[in-house]
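Read off the chains here:
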Amino acid sequence: MTMTTEPAATTTETKSTSTIAVRRFARNGKLVAGLVIGGAIVLFGLLGPLVTQDPSLVHDQGLTGPGGDHWLGTTQTGQDVLAQLAHGTRGSLAVGAIVGVLTLILSAFFGVVGAYAGGWVDEAFSLFTNIMLVIPGLPLVIVISSYVPDKSIWLVSVVLAITSWAGSARVLRGYTLSLRNRDYVLASRVAGEKRRRILAVEILPNLIPLFASQVVFAVIFAILGEAGLSYLGLGASGSFTWGTMLYYAQNGLALRLGAWWWFVPPGLLLALFGAALSLINFSIDEIINPKLRDQTRAARKSWRMSREQLSKAKEATL
Amino acid sequence: MRYLLRKLGFYLVALWAALTVNFFVPRLMPGDPVEILISKLGQRGPVTPQMRASVEALLGTDSGEPLWRQYVDYLGNLAHGDLGVSVTFFPASVGSIIEQTLPWTIGLIGLATIISFLAGVGLGAAAGWKRGSWLDNLIPVTTMFQSVPYFWLALILLFAFGSVWQLFPLNGGYDVYTVTPGWNGPFLGSVLYYGALPAITIVLSSVGGWMLGMRNMMVSTLSEDYLVTAEAKGLRPGRIMLRYAARNAILPSVSGFAISLGFVVAGSIVTEAVFSYPGIGSALLQSVGGNDYALMQGIFLVITLSVLGANLLVDLLYSVIDPRTRARA
């Protein structure tokens, strides 16, 4: 409870803030792990489909285990699981990317602009956000998507984004409200800066970490949401994602037949990618919120505390 | 009082918005839903002009009436509790199907969510109180469970405990062959036995989020000045933890609980699909499969109502447990 100051910030004023940021970045194991795992999966999604065979190509050996020609085995109809996995990764990541960008735009507009404008604009935007927040997402997605027989990956992404931006907008609104009353914003207003400039130069840069974590959340949500939707048979038609692979695996009785090579890889990649993004989010949280950062053992170790000091600090905070 | 009215007003507006979305979605979709539905019905048997008229009235396309008139009729029917007739379970009314399936969903998902919330908040408070303990180190593991897609976790557990070791039944809500539904011991026991595995999967996949949120709030609260004061006064650690730290740290979790209730009702769809549980989620999926728009709209309405109701309840509760919200209003 006695830890309040951050030594790095007070003693190293001569160093530029960017070197401190880079050093903190490299020291943060969670962030590095998250970036490595996430990056590997993104690379697989980008490059995999270029080198693997056609995912719909049917071979004469159905439902065989990994090995030989097919590194991850084949599906019931003799399609290569590895090729499907590569294309599925690309599809799922595309959904995540589209929803991430749309959520960013929607939540920035309704959260930040509304909170900064104030007055009736804020009231109206906030009411709209809260209504979108309480209207249940997945049932709405199911209802909407059941009316459209041929769905593209774009449509599914747009529907997912429409039902999921509200939470981020609320978080951003809360933080913007506290920012707009800070002294430096008031000072620039007194100095006669234009409102648009205050928003773009004074407020938005301070929101970047929050934006980053909200987008990461949106991407996780979108990829899981799409997988759930596809698993229920309501996903994008005629395209490969991790969700559609699981749907076909379930329908092909992969579970009953013990074809683990069919249903384990897509689920595992989903879980790994989700975990990697969560790790990135944790480290963003720790960077934004020094209270969380200073309380971890890793942070104390980096202050070169000795073993005795560490245990003392632990006692002090118990 | 003002606070209460404000809240009630908000939920009325939200309810109206949900009803309007429900009304306009089928009317905004490309293609004529009536033709789609008629052609699907035609595959099963002859379509009488009365059926066509009822479908048109339901979906409200090209029946000659202006849109606002249909909208008023739609709201009027809802006010009378008239949700129409299901096509999939013809001739049962939508209301009776919801009545049959809703208790299953509320029993399973509701209980599992409450268990998960209580366990997560309790463990999170303990982890935040003793940072660096084994419980605190467990948190990354439980958040891993969160990033595992729920239905995949459920499928793997079902595969392991249903097919391989056969500890739990593979699907259904109770043993259809040996027990009769009603308030008797064997039936209730069977329901508990069949509900155990779905409940476990829900708790496993959601407890990590509660733990992490509570733990982080605990850490933030513990660095407040009033906790130093409490410690300086020499209060017992247990009292400091529960009455001073946890009581304040739990507030964001409570409002998160309200939001997650919506997610859980929505999540019930996937749970019930995996376990073939006879709840409202299965009914929604069946209605989607059978293009049963009346049932679909009815179920969406019920889900929305329950989410709004849960949020309202928690909002009211919140003003009791956190006096600051009352003062602000």
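Residues numbered from 1 in each chain as written. Chains lettered and ligands numbered in written order. Predicted model: local features only at pLDDT ≥ 70, side-chain atom pairs only at ≥ 80, totals over all residues. Heavy atoms only, no water.

Re the overall build of chain B
Within chain B, the secondary structure is distributed over 14 helices and zero strands. In chain B, the order of α-helices and β-strands from amino to carboxyl end is α-α-α-α-α-α-α-α-α-α-α-α-α-α. Here chain B, with 329 residues, has 48% of them falling under the buried criterion. Of the contacts formed within chain B by residues at least 6 apart in sequence, a portion of 71% connects residues at least 24 apart. Counting only carbon and sulfur atoms, one obtains 68% of the accessible surface of chain B, whose full area is about 16,200 Å². (Helix = DSSP H or I, 4+ residues; strand = E, 2+ residues; numbered from the N terminus. Buried < 20%, exposed > 50% of the residue type's maximum accessible area, 1.4 Å probe, protein only. Contact = heavy atoms within 4.5 Å. Areas by Shrake-Rupley, 256 points an atom, 1.4 Å probe, with all protein chains shown as cover.)

Quick word on the overall build of chain A
Helix and strand counts for chain A stand at 15 helices and zero strands. The 318 residues of chain A split such that 48% are buried. Long-range pairs, those at least 24 residues apart, make up 68% of the contacts in chain A with a sequence separation of at least 6. Summed over all atoms, the accessible surface of chain A reaches about 15,300 Å², with 65% contributed by carbon and sulfur.

Examining the interface of chain B and chain A
How large an interface is tends to be reported as the accessible area lost when its parts come together. Taken together, the 57 residues of chain B in the interface contact 48 residues of chain A. On the chain B side of the interface with chain A, the three residues burying the most area are R131(B), F151(B) and W152(B), jointly 14% of the side's total. Put simply, chain B and chain A have zero salt bridges between them. The interface formed by chain B and chain A includes one residue pair in polar contact (both at pLDDT 80 or more). Broken down by secondary-structure element, the contributors of at least two residues to the side of chain B that touches chain A are α1 (2-28), α6 (134-147), α7 (150-164), α8 (185-222), α9 (225-232), α11 (251-275), α12 (280-289) and α13 (293-321) of chain B. Looking at the side of chain B that touches chain A, the element that brings in the most residues is α1(B), giving ten residues. In terms of residue class, the side of chain B that touches chain A is built from 41 nonpolar, ten polar and six charged. (Buried area = accessible area lost by both parts, 1.4 Å probe. Salt bridge = Lys/Arg side-chain N within 4 Å of Asp/Glu carboxyl O. Polar contact = N/O pair within 3.5 Å; in protein donor to acceptor, adjacent residues only side chain to side chain. Nonpolar A, V, L, I, M, F, W, Y, C, P; charged D, E, K, R; others polar.)

Digging into the pattern of salt bridges
Residue and element names in this part refer to chain A. Taken as a whole, this structure holds two salt bridges over all chains when the rule is applied. Of the charged contacts, one joins D122 and R173 as a salt bridge, the two residues approaching to 2.9 Å between their closest N and O atoms. A residue pair is termed long-range when its members are at least 10 positions apart, and D122 in helix α5 (residues 119-134) and R173 in helix α8 (residues 166-180) qualify at 51 residues. On the basis of relative accessible area, D122 is assigned to the buried category, the value being 10%. Looking at R173, the relative accessible area reads 24%, which means it is partly exposed. Ionic pairing is found between E193 and R197, a salt bridge with its closest N-O pair at 3.0 Å.

As for the packing of aromatic side chains
Under the definition given, this model contains 17 aromatic pairs over all chains. Taken together, a centroid distance of 5.9 Å and an interplanar angle of 75° make the contact between F263(A) and F159(B) edge-to-face. On the criterion of chain membership, the pair formed by F263(A) in helix α12 (residues 260-288) and F159(B) in helix α7 is interchain, its members lying in two chains. For F263(A), a relative accessible area of 6% translates into the label buried. Of the residues examined, F159(B) reaches a relative accessible area of 22% and is grouped as partly exposed. Ring centres of W104(B) and Y277(B) lie 5.7 Å apart, and the angle between their planes is 85°; this geometry places the pair in the edge-to-face category. A residue pair is termed long-range when its members are at least 10 positions apart, and W104(B) in helix α5 (residues 94-129) and Y277(B) in the loop between α11 and α12 qualify at 173 residues. According to the relative accessible area criterion, Y277(B) is buried, its value standing at 4%. Every member of this aromatic cluster is reached through a ring pair, and the members are F109(A), F110(A), F125(A), F128(A) and W165(A). (Phe/Tyr/Trp six-rings, centres within 6.5 Å; stacked < 30°, edge-to-face > 60°.)

Re the UniProt feature "transmembrane region" (unreviewed entry) in chain A
All names here are of chain A. Residues annotated in UniProt with the feature "transmembrane region" (unreviewed entry) correspond here to residues 31-51, 93-117, 124-147, 153-172, 203-223 and 260-284. Here residues 124-147 runs as 92% helix and 0% strand, with 30 Å between its end C-alpha atoms. In this annotation, residues 203-223 is assigned 100% helix and 0% strand; the end-to-end C-alpha distance for the span is 30 Å. (UniProt positions renumbered as here; feature names shortened; annotations may be inferred.)

A word on the side chain of T176(A)
Residue and element names in this part refer to chain A. Structurally, the position occupied by T176 is in helix α8. Classification of T176 by relative accessible area gives buried; the value is 0%. Other than its neighbours up to four places away in sequence, T176 contacts V112, A115, Y116, I203 and L207.

Details of a nonpolar patch on the surface
On the surface, V42(A), L43(A), L46(A), L47(A), L50(A) and V51(A) cluster together to form a nonpolar patch covering roughly 600 Å² of accessible area. Along the chain, L50(A) turns up in helix α3 (residues 29-51). (Patch = residues over 30% accessible without salt bridge, like charges linked within 9 Å, V, L, I, M, F, W, Y side chains within 5 Å.)

Concerning the packing of helix α4 (residues 81-117) of chain A against helix α7 (residues 153-164) of chain A
Residue and element names in this part refer to chain A. α7 packs onto α4 with a crossing angle of 40° between their chain directions and a minimal axis gap of 9 Å. Taken as axis vectors, α4 and α7 run oblique relative to one another. For the pair α4 and α7, the crossing hand works out as right-handed. Contacts between α4 and α7 pair G91, V95, I98, V99, L102, T103 and L106 from the former with I153, W154, S157, V158, L160, A161 and S164 from the latter. (Axes fitted to C-alpha atoms, helices over the stretch in contact; angles between N-to-C directions. Parallel < 35°, antiparallel > 145°, perpendicular 65-115°, else oblique. Left-handed = near helix turned anticlockwise from the far one by under 90°.)

Considering the UniProt feature "transmembrane region" (unreviewed entry) in chain B
According to UniProt, the positions carrying the feature "transmembrane region" (unreviewed entry) are residues 104-129, 150-168, 191-212, 249-275 and 295-318 of chain B. What you have in residues 191-212 of chain B is 100% helix and 0% strand, and the ends, taken at the C-alpha atoms, are 32 Å apart.

Re the side chain of S107(A)
Residues and elements named next belong to chain A. Locating S107 in the fold gives a position in helix α4. Among the polar contacts listed, one links the side chain of S107 to the backbone oxygen of T103, at a separation of 2.6 Å. Leave out the neighbours within four places in its chain, and S107 touches V112, W165, S168, A169 and L172.

Points about the packing of helix α6 (residues 137-147) of chain A against α7(A)
All names here are of chain A. Running from N to C, α6 and α7 cross one another at 150°; their axes reach a closest spacing of 9 Å. With respect to their mutual orientation, α6 and α7 come out roughly antiparallel. Where α6 crosses over α7, the two elements pack in a sense that is right-handed. Along the contact surface, α6 presents G137, L140, V141 and I144, while α7 presents V159, L160 and T163.

Focus on unusual backbone geometry
Residue and element names in this part refer to chain B. Positive phi is not limited to glycine here, since S276 has a value of about 45°. Tracing the sequence through the fold places S276 in the loop between α11 and α12. For S276, a relative accessible area of 40% puts it in the partly exposed group.

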